[in-house]
Amino acid sequence: MHAMIQFPDLSPEIFSITIGSFEFALRWYALAYIVGILIAWRLAVAALRQPALWPASQPPMRPQQVEDLLTWIIIGVILGGRLGFVLFYQPGYYLSNPAAILRIWEGGMAFHGGLIGVVLAAWIFALRHGVPRLQMADLVAFSVPPGLMLGRLANFINAELWGRPTDLPWGVSFPGQAAQDCGQALGEICARHPSQLYEALLEGALLATLLLWLAWRRRAFHRPGLVLGLFLAGYGMARFLVEFARQPDAQFVTPGNPLGLAWHVGGYGLTMGQLLSLPMIALGLVFAIAALRRQRITA
């Protein structure tokens, strides 16, 4: 048997309280959302309180407005994430069972849909409050990666969204019949890529470090659209790469398509996550290049 890491004894619940017939449980995934939002709030406020970070030393909005913006963003994340999952991953099922769309507690959120929801919510907020849209988009993009990292760590604790089978020494034997169904010999344990941790590192820790450094040390906010573009391109590339190691969604896996490719020709193709990431990469590069050219023109 090759070397592997046994999945630690972790519970998805931090604690639970039962009062009569009512049970309240705080889960790691919920805590990741809460802490991620709080970190994003504090990062945004800290950036707005540093006028030197912004063009002409004029922050795009007041720090007090961030709380109102967060309300819009939370709504955008929930609605966009849910509808994105419905439309991108299981449209047939939800078309036949429309009432199931509302059952968010059963799981099923898509990052790309959540991103679209955030963009629309932030756009409406900017129009209502007269906030420069590109600068506000930079501020939001700058604040997001720590929350992404926490969310992926919560995915690992929940033993969900694991990767493809691997014989690498850091492969993890995740619990559950689905995770252990790798087509291995009877009695052998299946090890999988801890793709949640790959994503936590790439789209969370590394992307957060890059954007923080650019904003604070390189005055990236002085080029409206640059931080937004680098976030979109950075997340898109990280997700595209990790998809090679991530187990695809079950609805795409068939006997003739064991890799779960959403688009393929002759056995080669792309997963749904990769297909959705390509427009992010392209759009991010457009924003970043336009921001750099704009700076050269106005410098």
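Our subject is the structure that appears above.
Note that residues are indexed from 1 along each chain, following the sequence as it is written. With pLDDT at 70 or above as the cut-off, local features in this predicted model cover only qualifying residues; side-chain atom pairs require 80 or more to be listed or tallied, and sums for whole chains, interfaces and linings still use all residues. Excluding hydrogens and water, the side-chain values take into account all heavy atoms of the structure.

Draft legend 1. A nonpolar patch on the surface, seen in detail. Together, Tyr33, Ile34, Leu38, Ile74, Ile75, Ile78, Leu79, Leu83, Leu87, Ile104 and Met109 make up an exposed nonpolar region whose accessible area comes to about 950 Å². Elements with a contribution of two residues or more to the nonpolar patch: helix H1 (28-48) and helix H2 (65-88). Elements are defined by DSSP. Helices are runs of H or I of four residues or more, strands are runs of E of two residues or more, and each kind is numbered from the N terminus. Among the elements that make up the nonpolar patch, the one with the highest residue count is H2 (6 residues). Here Ile74 shows up in helix H2. Accessible area is worked out with a 1.4 Å probe on protein chains only. A residue is then buried under 20% of its type maximum, exposed over 50%, and partly exposed in between. Residue class for Ile74 comes out partly exposed when judged on its relative accessible area of 33%. Nonpolar side chains (Val, Leu, Ile, Met, Phe, Trp, Tyr) are joined into patches within 5 Å and like charges within 9 Å, using only residues with over 30% relative accessible area and no salt bridge. Note on areas: these come from Shrake-Rupley sampling with a 1.4 Å probe, and a residue is covered only by the protein chains present in the view. By definition, a salt bridge exists where a carboxyl oxygen of Asp or Glu is found within 4 Å of a side-chain nitrogen of Lys or Arg.

Draft legend 2. Layout of helix H6 (residues 145-157). Here H6 spans 19 Å end to end across 13 residues, near enough to the 18 Å set by a 1.5 Å rise per residue. The element H6 is largely enclosed, with a buried count of 10 among its 13 residues. Of all the positions in H6, only Pro145, Pro146, Gly147, Leu148, Gly151, Arg152, Ala154, Asn155, Phe156 and Ile157 are classed as buried. The inward-facing, buried residues of H6 contact H1, helix H4 (111-129), helix H5 (133-143), strand E4 (172-173), helix H8 (195-217) and helix H9 (226-242). Looking one or two residues beyond H6, the residue adopting positive phi is Ala159, at roughly 55 degrees. Expected span of a helix: the number of residues minus one, times 1.5 Å. In what follows, residue pairs with any heavy atoms lying within 4.5 Å of each other are defined as contacts.

Draft legend 3. Broad picture of the packing of H1 against H5. A fitted line through C-alpha atoms serves as each axis, taken over the contacting stretch for helices, and the angle formed by two N-to-C directions is quoted from 0 to 180°. Interaxial distance between H1 and H5 falls to 8 Å at its minimum, and their mutual angle equals 135 degrees. As the angle between them shows, H1 and H5 are arranged oblique. As H1 packs across H5, the resulting crossing turns out to be right-handed. In this structure, H1 uses Ala40, Leu43, Ala44, Ala47 and Leu48 to contact H5, whose residues at the interface are Leu139, Phe142 and Ser143. Roughly parallel covers angles under 35 degrees, roughly antiparallel covers those over 145, roughly perpendicular covers 65 to 115, and oblique covers all other angles. Put simply, a crossing is left-handed when the front helix is turned counterclockwise from the back one by less than a right angle, and right-handed when it is turned clockwise.

Draft legend 4. Inspection of unusual backbone geometry at higher detail. Positive phi, close to 55 degrees, is recorded for Ser57, a residue that is not glycine. Within the secondary structure, Ser57 is located in the loop between H1 and H2. Classification of Ser57 as partly exposed rests on a relative accessible area of 43%. Not every positive phi belongs to a glycine, and Arg219 is a case in point at roughly 55 degrees. You can see Arg219 is positioned in the loop between H8 and H9. Residue Arg219 is classed as partly exposed on the basis of its relative accessible area, which comes to 35%.

Draft legend 5. Molecular detail of the nonpolar core. Counting 39 residues, the largest nonpolar core has Met61, Met136, Phe221 and Phe231 as its most contacted members. Secondary-structure elements contributing two or more residues to this core are H1, H2, H4, H5, H8, H9 and helix H10 (272-298). Considering each element in turn, this core owes the most residues, 6 residues, to H9. Dropping the residues within four chain positions of it, Phe221 is found in contact with Ala47, Leu53, Trp54, Pro55, Asp138, Leu139, Phe142, Ala215 and Val227. In this text, buried Ala, Val, Leu, Ile, Met, Phe, Trp, Tyr and Cys residues form a nonpolar core when linked through side-chain atoms within 4.5 Å. Listed in part, the 9 residues of the second largest apolar core include Tyr94, Ala110, Phe252 and Leu276.

Draft legend 6. Region of the structure containing the environment of Pro59. Turning to its location among the elements, Pro59 is positioned in the loop between H1 and H2. For Pro59, a relative accessible area of 24% translates into the label partly exposed. Along the primary structure Pro59 and Gly117 are separated by 58 residues, whereas in three dimensions their C-alpha atoms are 24 Å apart. Discounting chain neighbours no more than four positions away, the residues touching Pro59 are Leu48, Pro51 and Trp54.

Draft legend 7. Layout of the state of the cysteines. Note that a disulfide, as used here, is simply two cysteine sulfur atoms within 2.5 Å. Scanning all chains against the criterion turns up 1 disulfide. Disulfide pairing is shown between Cys182 and Cys190; the S-S distance is 1.7 Å. Because the torsion about its S-S bond is -70 degrees, the bridge between Cys182 and Cys190 counts as left-handed. On the basis of relative accessible area, Cys182 is assigned to the partly exposed category, the value being 24%. Judged by its relative accessible area of 4%, Cys190 falls in the buried class.

Draft legend 8. How the structure looks around the pattern of salt bridges. According to the stated counting rule, one finds 7 salt bridges in the structure shown. Glu203 is paired through a salt bridge with Arg152; the nearest N and O atoms lie 2.9 Å apart. Remark: Arg152 occurs in helix H6 and Glu203 occurs in helix H8; sequence separation between them is 51 residues. For the pair Glu203 and Arg152, one class covers both residues: buried.

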